[in-house]
Amino acid sequence: MNLSLVYSVLVVAIVFEVLGTSAMQAAQHFSRAMPTLMMVVCYAIAFYFLSWSLRYVPVGIAYAIWSGLGIVLISLVGYFVFGQTLDLAAVIGLALIIAGVLVLNLFSKSTFH
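Right, let's walk through the structure included here.

### Structural notes on the overall build of the protein chain
Inference 1: When its secondary structure is counted, the protein chain shows four helices and zero strands.
Inference 2: Its helices and strands taken in sequence order, the protein chain reads α-α-α-α from the N to the C terminus.
Inference 3: With the C-alpha coordinates aligned to their principal axes, the bounding extent of the protein chain is approximately 45 × 35 × 20 Å.
Inference 4: The buried share of the protein chain, taken over its 113 residues, is 31%.
Inference 5: Considering only intrachain contacts with a sequence separation of at least 6, the fraction spanning at least 24 residues in the protein chain is 69%.
Inference 6: Here the protein chain displays about 6900 Å² of accessible surface, and carbon together with sulfur accounts for 73% of that area.

### Some points on the packing of helix 1 (residues 3-27) against helix 3 (residues 59-80)
Inference 1: Contact pair helix 1 / helix 3: the axes reach a minimum separation of 9 Å and the direction vectors enclose 45°. By the angle between their axes, helix 1 is oblique relative to helix 3. The crossing of helix 1 and helix 3 is right-handed. For the pair helix 1 and helix 3, contact is made by Tyr7, Leu10, Ala13, Ile14, Glu17, Val18, Thr21 and Ser22 and by Ala62, Ile65, Trp66, Leu69, Gly70, Leu73, Ile74 and Val77, respectively.
Inference 2: For the contact of helix 1 with helix 3, the residue count by class is 12 nonpolar, three polar and one charged.

### Quick notes on the packing of aromatic side chains
Inference 1: The tally for this structure, following the rule as stated, stands at four aromatic pairs.
Inference 2: Both rings, one in tryptophan 52 and one in tyrosine 56, keep their centres 5.3 Å apart while their planes meet at 55°; by these two values the pair is tilted.
Inference 3: Judged by centre distance (4.9 Å) and plane angle (90°), the ring pair of tyrosine 79 and phenylalanine 80 falls under edge-to-face.

Calculation notes
Residues numbered from 1 in each chain as written. Predicted model: local features only at pLDDT ≥ 70, side-chain atom pairs only at ≥ 80, totals over all residues. Heavy atoms only, no water. Helix = DSSP H or I, 4+ residues; strand = E, 2+ residues; numbered from the N terminus. Buried < 20%, exposed > 50% of the residue type's maximum accessible area, 1.4 Å probe, protein only. Contact = heavy atoms within 4.5 Å. Areas by Shrake-Rupley, 256 points an atom, 1.4 Å probe, with all protein chains shown as cover. Axes fitted to C-alpha atoms, helices over the stretch in contact; angles between N-to-C directions. Parallel < 35°, antiparallel > 145°, perpendicular 65-115°, else oblique. Left-handed = near helix turned anticlockwise from the far one by under 90°. Nonpolar A, V, L, I, M, F, W, Y, C, P; charged D, E, K, R; others polar. Phe/Tyr/Trp six-rings, centres within 6.5 Å; stacked < 30°, edge-to-face > 60°.

What follows is the structure in C-alpha cells.
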C-alpha cells in the first residue's frame, strides 16, 4: 500500500476526531442537538478511517500518532476557537508530543508494514 495514502487516511481520521471533540465542547453536556449529532457523526467517521489505517500501521503506532496529533490540534482549537489559554508548561508539553510523533515517524521501523 502507498505510504502517502495510508498516512492521508490517518490524517483524515485525526481531523474528524478533532471536529468531533470540538462538537462535544459545543454540545454543552449533550444539551444541544446539532452539535451532539455532529459529534456522533464525526467520531463514527474518525473511527472508520482509523480502523482502515490499522490494516497497514501497527495499532500502537497509529494510536500514538492519532492521540498525539489530536491533542495538539484540539489544544489549538481550544485556544483559537473557544478562547482557552495555554500556559508555558502546556506549550512545552505539546512540543514534546510533536517531537514524539516525529521520532516515531522518522526513526522507527515499526511505523509501516
